[in-house]
Amino acid sequence: MRIGELLVAAGLVGEADVARAMARQRDEGGRLGPNLVATGAIDAATLDAFCAGIPPEPATLSETGLDEKTLLELMLKLLFAGPAETVDALASALCLSPKLVVDLVEAAVRGQLLSALGAGPDALGGALSIRYALTDAGKARAREAMARSSYAGPAPISLDAYVHWLDRQKVTNEVINEPVMRRAFEGLEVPDTLVRQLGPAVSSGRALLMYGPPGNGKTSVAQRLDRVFRNIIYIPHAVLVEGQLMTVFDADVHRPVDPSALGRPRLVTSLYRDEPDARFVACWRPFIVTGGELTMEMLDLKHEPGGNFYVAPLHMKAAGGCLLIDDFGRQMVSPTALLNRWIVPLENRIDYLKLQTGKSFRVPFETVVIFSTNLAPADLMDPAFLRRIPYKLEIGPPSAAGWKRIFAAAAAAQGLAASDTELDHLAHALTATHGLDLAAFQPRFLIDQIIAACRFTGLPRALHPELVELAIGNLTVGRARGETATLAKVA
């Protein structure tokens, strides 16, 4: 994304502000940023602070933090694999500026690795539209590079650059206060005390344990934390570590601010002040959810033997954001094994990863890990682990009044009339008659059952006593009357 688009996405200026600044730019010249300041759309201090948080586009090959050989061989692999064959196409594929790609192409031509074929279909593109092909020597060099690693995509960043920008993008840099937290939980029945407990937990950037009986909204509460974050962060496509390539950006879990910007042709010159480094993807803070499918392998570097490159572990993809481990304790791997893997990162905020070569490297552990479980914490971890999870929040059942509000809101959304008297009778039937504790999942469960029965019988949507009793029966199946054991979680 370009600077102007990022400013709009961050809510610092509007599209109309950008249009006015560009109109002034056409008349007065200069970059977009100063023109936004001149038109009063943004003040210079705010603009400078925002731009300081964006990885700048490297102006020279040395500023990429990579050696020329690495970039040259990556370009040769892209030409070998096709279909990129012009400077502008290679710039888009490498996520580098056309100027740097021209430098690489010239070096390849001097080394007799490339030869020019003439102008492509877009002859108006000038030198950038000239088509290039690998010479025999270039094909041999490309095959050698492919044998070492078949990765052929955006240019990586250095490990030092990754560490630098991750430190700039920590969760603790967000401004999280009580009004922000309350907005995040709008429409969700959450006690005030829980909001006041969650705020410091999230803003600290430390691990968090949510526990309590099933069906009371632990997952819903955890997922609402995603609404707390408003900062844009920059996630690299790939990182070069000890000569080995590791991919980080994952379209399946990361959320680009503007997905259409991926693969957009690069500009020759910028109308938007200095361009951001396109080797990074502008994203909202990651919020990755995993459950019973979590394995130990997902927490270590994944080596792709066929391509000879690495994929970052799950918690590294969540860096700068949150990793929610739902139903903790129900994974195929034991809770002790998972916690042993993270005992050092949770304590020291540093993680160590190992390459196939045997070399290890360290990366900051800047992920807010949220453990959510309906099992007793003492059964999952010993006191040493509990000490390393500084925030522990119990998510209990709602109060009777809160339960009625949840039911009323869910019923209204489904067009189901429910009076206070009816809700009092229903709550009494659940607790006194059937011996159940009230739980946050029950209103939705009962309403879905009642509406389905109304459709089947042709009755209007209402809390018909006989249909309510049938719905409650599906809650209490297999239970003796008056039994107080905790219900199994209802999906």
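Everything that follows concerns the structure shown earlier in this document.
Residues numbered from 1 in each chain as written. Predicted model: local features only at pLDDT ≥ 70, side-chain atom pairs only at ≥ 80, totals over all residues. Heavy atoms only, no water.

Asks: Sorry, what's going on with the packing of helix H18 (residues 420-433) against helix H20 (residues 465-475) here?
Replies: Geometrically, a packed helix pair is captured by the angle between its two axes and the distance between the axes. Two elements in contact, H18 and H20, have axes whose closest approach is 12 Å; the angle formed by their N-to-C orientations is 35 degrees. When the axes of H18 and H20 are compared, the crossing they make is right-handed. Packed against H18, whose contacting residues are Leu426, Ala429 and Leu430, the element H20 presents Val468, Ile472 and Leu475 at the interface. Here the residues of the contact of H18 with H20 are counted per class, giving six nonpolar, no polar and no charged. (Axes fitted to C-alpha atoms, helices over the stretch in contact; angles between N-to-C directions. Helix = DSSP H or I, 4+ residues; strand = E, 2+ residues; numbered from the N terminus. Left-handed = near helix turned anticlockwise from the far one by under 90°. Contact = heavy atoms within 4.5 Å. Nonpolar A, V, L, I, M, F, W, Y, C, P; charged D, E, K, R; others polar.)

Asks: How should the packing of aromatic side chains be read in this particular structure?
Replies: Two measures describe an aromatic ring pair: the distance that separates the ring centres and the angle between the ring planes. A full pass over the atoms with the stated rule returns six aromatic pairs. Seen from their ring centres, Phe328 and Phe371 are 4.9 Å apart, and the 55 degrees between their planes marks the pair as tilted. Of the two residues, Phe328 is situated in the loop between strand E12 (322-325) and helix H14 (335-348) and Phe371 in strand E15 (residues 368-373); the sequence distance between them amounts to 43 residues. Grouping residues by exposure puts Phe328 and Phe371 together as buried. For the cation-ring pair, Arg230 lies above Trp284, with the distance from its terminal atom to the ring centre recorded as 5.1 Å. (Phe/Tyr/Trp six-rings, centres within 6.5 Å; stacked < 30°, edge-to-face > 60°. Buried < 20%, exposed > 50% of the residue type's maximum accessible area, 1.4 Å probe, protein only. Lys NZ or Arg CZ within 6 Å of the ring centre and 35° of its normal.)

Asks: What should I look at first to understand the sheet that holds strand E4 (residues 208-211) in this one?
Replies: The strands that make up a sheet are held in pairs by hydrogen bonds between backbone atoms, and each pair lies either parallel or antiparallel. One open sheet holds the five strands; their spatial order is E9-E12-E15-E4-E16, and the pairing between them is parallel. One side of each edge strand has no neighbouring strand; the edge strands of this open sheet are strand E9 (287-290) and strand E16 (391-394). Across the sheet, the mean angle separating the axes of adjacent strands is 15 degrees when strand polarity is ignored. Note that E9 and E12 share four bridges and pair parallel. Residue Val289 lies in a different strand from E12, and its bridge partner there is Leu324. Set on the sheet, helix H11 (residues 192-204) makes contact with E4 and E16; between it and E16 the angle comes to about 155 degrees. Running at roughly 140 degrees to E15, H14 makes contact with E12 and E15 of the sheet. (Pairing = 2+ DSSP bridges.)

Asks: Explanation requested: the pairing of strand E8 (residues 280-284) in the structure shown.
Replies: In regular strands, side chains alternate between the two faces of the sheet. Counted residue by residue, E8 has four buried out of five residues, so it is predominantly covered. Both strand E5 (residues 232-236) and E8 contribute to a ladder of five bridges, which runs antiparallel. Each bridged residue has a counterpart across the sheet, and for Ile233 the counterpart in E8 is Cys283.

Asks: Hey, could you run me through unusual backbone geometry in this one?
Replies: That bond from Gly82 to Pro83 is cis: its omega, 0 degrees, falls within 30 degrees of zero. At Asn308, a position not held by glycine, the phi torsion is positive, near 55 degrees. Among the secondary structure elements, Asn308 is positioned in the loop between strand E10 (302-304) and strand E11 (309-311).

Asks: I'm lost on the sheet that holds strand E6 (residues 238-241) in this one. Help?
Replies: Spatially, five strands are ordered E3-E6-E7-E11-E10 in an open sheet, and the strand pairing comes out mixed. Each edge of the open sheet is held by one strand with a lone partner, namely strand E3 (157-158) and E10. Sheet topology places E6 next to strand E7 (residues 244-247); four bridges connect them, and they run antiparallel. Opposite Val239, over in E7, you have Met246 as the bridge partner.

Asks: Whenever I open this one, the packing of helix H19 (residues 442-457) against H20 confuses me. Can you help?
Replies: At a closest axis distance of 9 Å, the pairing of H19 and H20 adopts a crossing angle of 130 degrees. Comparing their axes, H20 and H19 come out oblique. Classified by chirality, the crossing of H20 by H19 is right-handed. Contacts between H19 and H20 involve Gln442, Phe445, Leu446, Gln449, Ile450, Ala453 and Cys454 from the first element and Leu467, Val468, Ala471, Ile472, Asn474 and Leu475 from the second. Looking at the contact of H19 with H20 residue by residue, the classes come out as 10 nonpolar, three polar and no charged. (Parallel < 35°, antiparallel > 145°, perpendicular 65-115°, else oblique.)

Asks: Can you help me understand the nonpolar core in this one?
Replies: The biggest cluster of nonpolar side chains holds 42 residues, and the ones touching the most others in it are Leu7, Tyr162, Tyr234, Val239, Met246 and Phe361. Excluding residues that lie within four positions of it along the chain, Phe361 makes contacts with Leu159, Val241, Met246, Leu301, Asp351, Tyr352, Leu353 and Leu355. (Core = buried A, V, L, I, M, F, W, Y, C linked by side-chain atoms within 4.5 Å.)

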